[in-house]
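Each chain, written out:
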Amino acid sequence: MIGWRAADSPDARARLAFDVKSANVDVRAGDPDALVVLGGVPEDEADTLRALCAQDLAPYVDAVGVTTDAPDSAVDRVVAELDPSAAVVTLGKPLGDGPDVAARALLASQSRTIGTRTRLVTYRVEPRVMPALMPVLASLGDLLSQPVVPLDEPRTTLRFRRGGRDVTAATPHRLLFGLRSLTNYLVYDADGSGLSVEVTDRSGAQPLVVDALAGTRAALPGWKHDDSVALMTAPLPSPGYPLVIDWNRGGRDSFVEQSEVTTAAMPALAEIISRHQQVQAAQDEAVTSYIAHGHLEQHFRATAADLAFDVVTENTFFVEGASVEFEELEFRLNGTRWGADRPPFPLLQAEKVLSLPLDLRLTSDYTYRLSGIDRIDGREAFAIRFDPRDDGRSLYRGTVWIDRATYRRVKVQTVQTALEAPLLSSEEIQFFSEVQVPGGPPAMLMTRVIGRQSMLIAGRNLLLEREMQLGDFAVNAPDFADRRARARDGDHIMFRDTDEGLRYLVKRDGQRVVETETTTKAKALLLGVTFDPAYDFPLPLGGLNYLNFDFMGKGNQLALIYGGVLALGNLQRANLIGHSVDGSVDLFAIAVPGSDRQYTVSGERPETRVLNIPFSTGATVGWRLAEFTRLVGSYQFRYDWYGHDRTTADTYVTPGSTITNGLGVSWEWKRRANSVTASWTGYRRASWRAWGEPGDFDPRHRDYAKYSLSASKAYFTGLHKVTLNAAYFGGRDLDRFSKYQFGFFDENRIRGVPSAGVRFAELGMFRGAYSFNVFDIYRLDLFLDQAVGRDRAVAPGWRPVTGVGVAFSLRGPRNTMVRGDIGKSFLPREYRRPGSFVFQFQVLKPL
């Protein structure tokens, strides 16, 4: 029993509700069959009880203790209204001093409470009167030893009559049904002569009259039964104290069928949550620790045209209560296996949520609703939807599935709210399975986790896919501490889950300590070469690849690729305005000119070649509309230098070098390996003079627009990954120098197509990529790109362009990473002269 205490303020009531819930969970964890009684609640504090029930207290209380046995007391009415499943217990009712007085008081009290919400009455009596009470209780044994429910009197046509008058309303009585004996009982209290009863009776059996004070049980005299209308009539004795009419003489149910008084109802939502918390507390007490092997895969690809990145680790998890540590046994990046000397890996993760759904807490952070029953892995489970009460805090929304039979958690799907950039969205699905516990019943532990996060990296919205499989559990292993100590003494990389999130557990002076400074940088030396027919010679690459997630210590992000003749950079501020608006600045520069070529149906016209050196920068502002949706506004600044190539005719007029300004908007949605983006950008050249030959220049082309729609889908099966993309690119008033081309850094890249010359004003394309590992040494990406484009200046119809490619990644000497990207295209006849073979080769040395 949990004692009642006064709670005259909201804080006091919240504290009392929390204490009752905590006590219930603790008691039920040790004894699932224990009953929790809140008592005793005074009559004048019924409103306080009502306020507590409004805080979902009801499922944690089996009975409410009161100080009166009146069925219609104020406390009883509150319990009936707010917690129909709870019982009422009358505490310490006095029975009087004398044996006869005590016996009559006991009979009156029990007659009032049998079949009501009051399931138990405790009495204050003198020991000397106990012998007079035992025969009363023995006479009522049939009613007290089984569940009893009241019956619907209008359906039984129950009438009490005296002198021909209906005195039903003036005669205290209860019409009851025993769920175990399947018998009807009539309890009544009347004084005086001439009382009779008539009631519907389908059995036709003669009932008994039970006098608990006299200790007798005999056939009811004067009984009559009319079989034609199933009606029983009989005169009733009226001694001035309660009597019982008992139909328990071997017949069938006299008044109603059992199915009419017992039904299988779905438990209330709060009851499901309470039962789950009790079961979870019992499991937490039984499972003190466990060791498990964890296989973790992480995948992401920046765009459909980029190389994929896959990180696979093998780990040993050590879980003891709320403490979680794990040892990284193996690390593979794009199929290349690394040891403890692997390059630093930044820990990109959402803010830690400390208030979890269904946790028992003093404050209620979530609202719940029961959305139905689903089947999860062959189990029927309650589907409970939860949402945060405070949208401004980082909490979860989603669904938890609770096993209908055992009230154990079988699946949880969550979406984290109020994230801070660079994370834009974070969704996770957890699966639970039975794991054997030595010497006890199986426990429900997490065995699979699927996580999907969308984050801003170098101004791009990247989708990170994570999946972890847990197995080989050792629950409550006697050598748990020794095995964890050996892991800490070893040289493998270790992590610990803290209130601030995942942190490295590093060795200092032979001891493992939490590294409070998270890894925020990744850098590597870059050496390579790019071959593209648009350039007269292979482009050498030599420089630095650098990424910093906390540039200048203000949460800014800096990404830089400097390769000698080529430079790409992005500076990003994740939280430009609050947590929903981000901003970034981009830079692209190349020091060597590319040769822009013009084609007709007869092939290339070398005399019209134009050299071009582009420089571009710009700024974007992103607004996160929801967890998976982002709206982006952009400004682009571009400067193009144009000049004669060595084959250009002297009479050919090259465009004037000019500045172009562009304003655009894009919408993007990314969730569960799915991505949809739509964009529109309008451009205006600062100056645009006549160029080329007569008929080439059109002054309307000074202003132009481009738009696109793209959808992608990724599939993961172990270390195999398939990515599919379909896209459409169109525009308005596009000329030779603004149409779509297919360079290394273009979003519409096709393998093997040169970055200049092949161009279309309108483009539809489908791209597919398949990635896999070979012998845990090589990583291969296979590409197939198919496009159809239209350029009316060359031909009126749609022209096919096909590209195939292969990319590889492997570990080189001295901890280097070797990457290659080779593409071969199949072009329409007129575009074939410059070549249809493009490749890039890089060597990266992590620093």
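## Quick word on the overall build of the protein
Each helix and strand in the protein was counted, giving 8 helices and 49 strands. Computed over its C-alpha atoms, the radius of gyration of the protein comes to 40 Å, more than 25% above the 29 Å expected for a compact globule of 847 residues. By principal-axis analysis of the C-alpha atoms, the protein measures approximately 135 × 65 × 50 Å. With 847 residues in all, the protein has 50% of them scored as buried. Put simply, the protein shows about 38300 Å² of open surface, and 55% of that area lies on carbon and sulfur atoms. Counting 98 positive and 103 negative side-chain charges, the protein places the averaged centre of each group 7 Å from the other.

## Some words on the packing of aromatic side chains
Between two aromatic rings, the relevant description is the distance of the centres plus the angle of the planes. Applying the stated criterion across every chain yields a total of 18 aromatic pairs. Their ring planes at 55° and their centres at 5.5 Å tell us that F729 and Y740 sit as a pair that is tilted. Of this pair, F729 sits in strand β44 (residues 720-732) while Y740 sits in the loop between β44 and β45 (762-774), placing them 11 residues apart in sequence. Across the pair, exposure class does not vary: F729 and Y740 are buried alike. Ring centres of F837 and F839 lie 5.7 Å apart, and the angle between their planes is 50°; this geometry places the pair in the tilted category. On the basis of relative accessibility, which here comes to 37%, the residue F837 falls in the partly exposed class. An aromatic cluster is present here, built from F317, F326, F495 and Y504 joined pairwise through their rings. We note R275 situated over the ring of Y407; from NZ or CZ to the ring centre the distance is 4.3 Å. Just above the ring of Y740 sits the side chain of K706; from NZ or CZ to the centre is 4.7 Å.

## Section: the sheet that holds strand β8 (residues 165-166)
Across the sheet, 5 strands lie side by side as β8-β7-β11-β15-β14; this open sheet has antiparallel pairing. Strands at the two margins of the open sheet, each flanked by one partner only, are β8 and β14 (224-226). Direction of pairing for β14 relative to strand β15 (residues 231-235): antiparallel, over a ladder of 3 bridges. Bridge assignment links D226 to a residue of β15, and that residue is L231.

## Re helix α2 (residues 46-53)
Regarding α2, the residues found buried are A46, T48, L49, L52 and C53. Seen along its axis, α2 keeps its buried residues to an arc of 155°; they face one direction.

## Things to note about the sheet that holds strand β4 (residues 87-94)
Taken in spatial order, the 5 strands of this open sheet run β1-β2-β3-β4-β5, and their pairing is parallel. Each edge of the sheet is formed by a strand with only one pairing partner; in this case those strands are β1 (2-3) and β5 (118-124). Sheet analysis places strand β3 (residues 63-66) next to β4, joined by 4 bridges and oriented parallel. Its bridge partner lying in β4, G65 is registered against V89.

## Regarding a nonpolar patch on the surface
Together, W623, L625, L631, V665, W667, W680, Y707, L709, Y728, V788 and W798 make up an exposed nonpolar region whose accessible area comes to about 1000 Å². Secondary-structure elements contributing two or more residues to the nonpolar patch are β39 (610-626), β41 (658-671) and β43 (703-717). Looking at the element boundaries, V788 is found in strand β46 (residues 778-791). Given the relative accessible area of 35%, V788 is considered partly exposed.

## Description of the environment of V806
Looking at the secondary structure, you find V806 in strand β47 (residues 795-812). The exposure class assigned to V806 is partly exposed, which follows from its relative accessible area of 28%. Sequence-wise, V806 and L91 are 715 residues apart; in three dimensions their C-alpha atoms are separated by 81 Å. In this structure V806 touches L780, D781, L782, F783, G820, D821 and I822, once residues within four positions along its chain are discounted.

## Comments concerning the nonpolar core
One broad trend across soluble globular proteins is that nonpolar side chains are buried collectively. Within the largest apolar cluster, 39 residues are counted, with the highest numbers of intra-cluster contacts made by L143, F160, L186, Y188, L236 and I245. Looking at this core, the elements with two or more residues in it are α4 (99-113), α5 (130-139), β9 (173-178), β10 (183-188), β11 (195-200), β12 (208-211), β15 and β16 (243-246). Aside from chain neighbours lying at most four places away, what touches L236 is F160, Y188, L195, S196, V197, L220 and I245.

## Re helix α7 (residues 269-286)
Count 3.6 residues to each turn of an α-helix, and residues three or four apart come out pointing the same way. Here α7 spans 26 Å end to end across 18 residues, near enough to the 26 Å set by a 1.5 Å rise per residue. Among the residues of α7, I272, I273, S274, H276, Q277, Q278, Q280, A281 and Q283 are the ones counted as buried.

## A short note on the pattern of salt bridges
Scanning the entire structure with this criterion turns up 38 salt bridges. Between E380 and R375 there is a salt bridge whose closest N-O contact spans 3.7 Å. According to the relative accessible area criterion, E380 is partly exposed, its value standing at 36%. For R375, a relative accessible area of 55% translates into the label exposed. One salt bridge in this structure joins R790 and E762, with 2.8 Å as the shortest N-O distance. Of this pair, R790 sits in strand β46 while E762 sits in strand β45, and the two are 28 residues apart along the sequence.

## A word on the side chain of Q110
Relative to the elements of secondary structure, Q110 occurs in helix α4. If we skip the residues at most four places from it in the chain, Q110 touches V121, Y123, L140 and L144.

## Quick look at the packing of α4 against α5
In contact at an axis separation of 8 Å, α4 and α5 are set at 30° when each is read in the N-to-C sense. Judged on the interaxial angle alone, α5 and α4 are roughly parallel. In this structure, the crossing between α4 and α5 has a hand that is right-handed. Counting all contacts with α4, which are made through P99, A102, A103, L106 and L107, the residues of α5 involved are A132, L133, V136 and L137. When the residues that make up the contact of α4 with α5 are grouped by side-chain class, the tally is 9 nonpolar, no polar and no charged.

## As for the pairing of β47
Of the pairings in the sheet, the one linking β46 to β47 comprises 13 bridges and is antiparallel in character. Across the sheet, the residue bridging to V788 is P800, located in β47. Two successive antiparallel strands, β46 and β47, enclose a turn made up of 3 residues. Where β47 and strand β48 (residues 816-826) come together, 11 bridges link them in antiparallel fashion. Looking across to β48, one finds that V806 is bridged to I822. Between β47 and β48, which pair antiparallel and follow one another directly, the connecting turn spans 3 residues, one of which, R814, has a positive phi of 55°.

## Remarks on the environment of S580
Topologically, S580 is positioned in the loop between β34 (566-577) and β35 (581-590). Given a relative accessible area of 33%, S580 falls into the partly exposed group. In the structure, S580 is positioned 384 residues away from S196 in sequence and 79 Å away in space, judged by C-alpha atoms. Sequence-distant contacts of S580, defined by excluding residues within four places in its chain, comprise G622, W623 and R624.

## Examining the environment of S145
Examined against the element boundaries, S145 turns out to sit in the loop between α6 (141-144) and β6 (148-150). Sequence separation between S145 and R180 is 35 residues; the distance between their C-alpha atoms is 9.0 Å. There is a polar contact of 2.7 Å between the side chain of S145 and the backbone oxygen of G141.

## A few points about unusual backbone geometry
One non-glycine residue, D377, adopts positive backbone phi at about 50°. Along the chain, D377 turns up in the loop between β21 (366-376) and β22 (379-388). Taking relative accessible area as the criterion, D377 reaches 64% and is therefore assigned exposed.

What counts, and at which threshold
- Residues numbered from 1 in each chain as written.
- Predicted model: local features only at pLDDT ≥ 70, side-chain atom pairs only at ≥ 80, totals over all residues.
- Heavy atoms only, no water.
- Helix = DSSP H or I, 4+ residues; strand = E, 2+ residues; numbered from the N terminus.
- Rg over C-alpha atoms; globule rule 2.2 N^0.38 Å.
- Buried < 20%, exposed > 50% of the residue type's maximum accessible area, 1.4 Å probe, protein only.
- Areas by Shrake-Rupley, 256 points an atom, 1.4 Å probe, with all protein chains shown as cover.
- Lys, Arg positive; Asp, Glu negative; His and termini not counted.
- Charge placed at Lys NZ, Arg CZ, Asp CG, Glu CD.
- Phe/Tyr/Trp six-rings, centres within 6.5 Å; stacked < 30°, edge-to-face > 60°.
- Lys NZ or Arg CZ within 6 Å of the ring centre and 35° of its normal.
- Pairing = 2+ DSSP bridges.
- Arc of directions from axis to C-beta.
- Patch = residues over 30% accessible without salt bridge, like charges linked within 9 Å, V, L, I, M, F, W, Y side chains within 5 Å.
- Salt bridge = Lys/Arg side-chain N within 4 Å of Asp/Glu carboxyl O.
- Contact = heavy atoms within 4.5 Å.
- Core = buried A, V, L, I, M, F, W, Y, C linked by side-chain atoms within 4.5 Å.
- Expected span 1.5 Å × (residues − 1).
- Axes fitted to C-alpha atoms, helices over the stretch in contact; angles between N-to-C directions.
- Parallel < 35°, antiparallel > 145°, perpendicular 65-115°, else oblique.
- Left-handed = near helix turned anticlockwise from the far one by under 90°.
- Nonpolar A, V, L, I, M, F, W, Y, C, P; charged D, E, K, R; others polar.
- Polar contact = N/O pair within 3.5 Å; in protein donor to acceptor, adjacent residues only side chain to side chain.

That is the geometry; function is a separate question.
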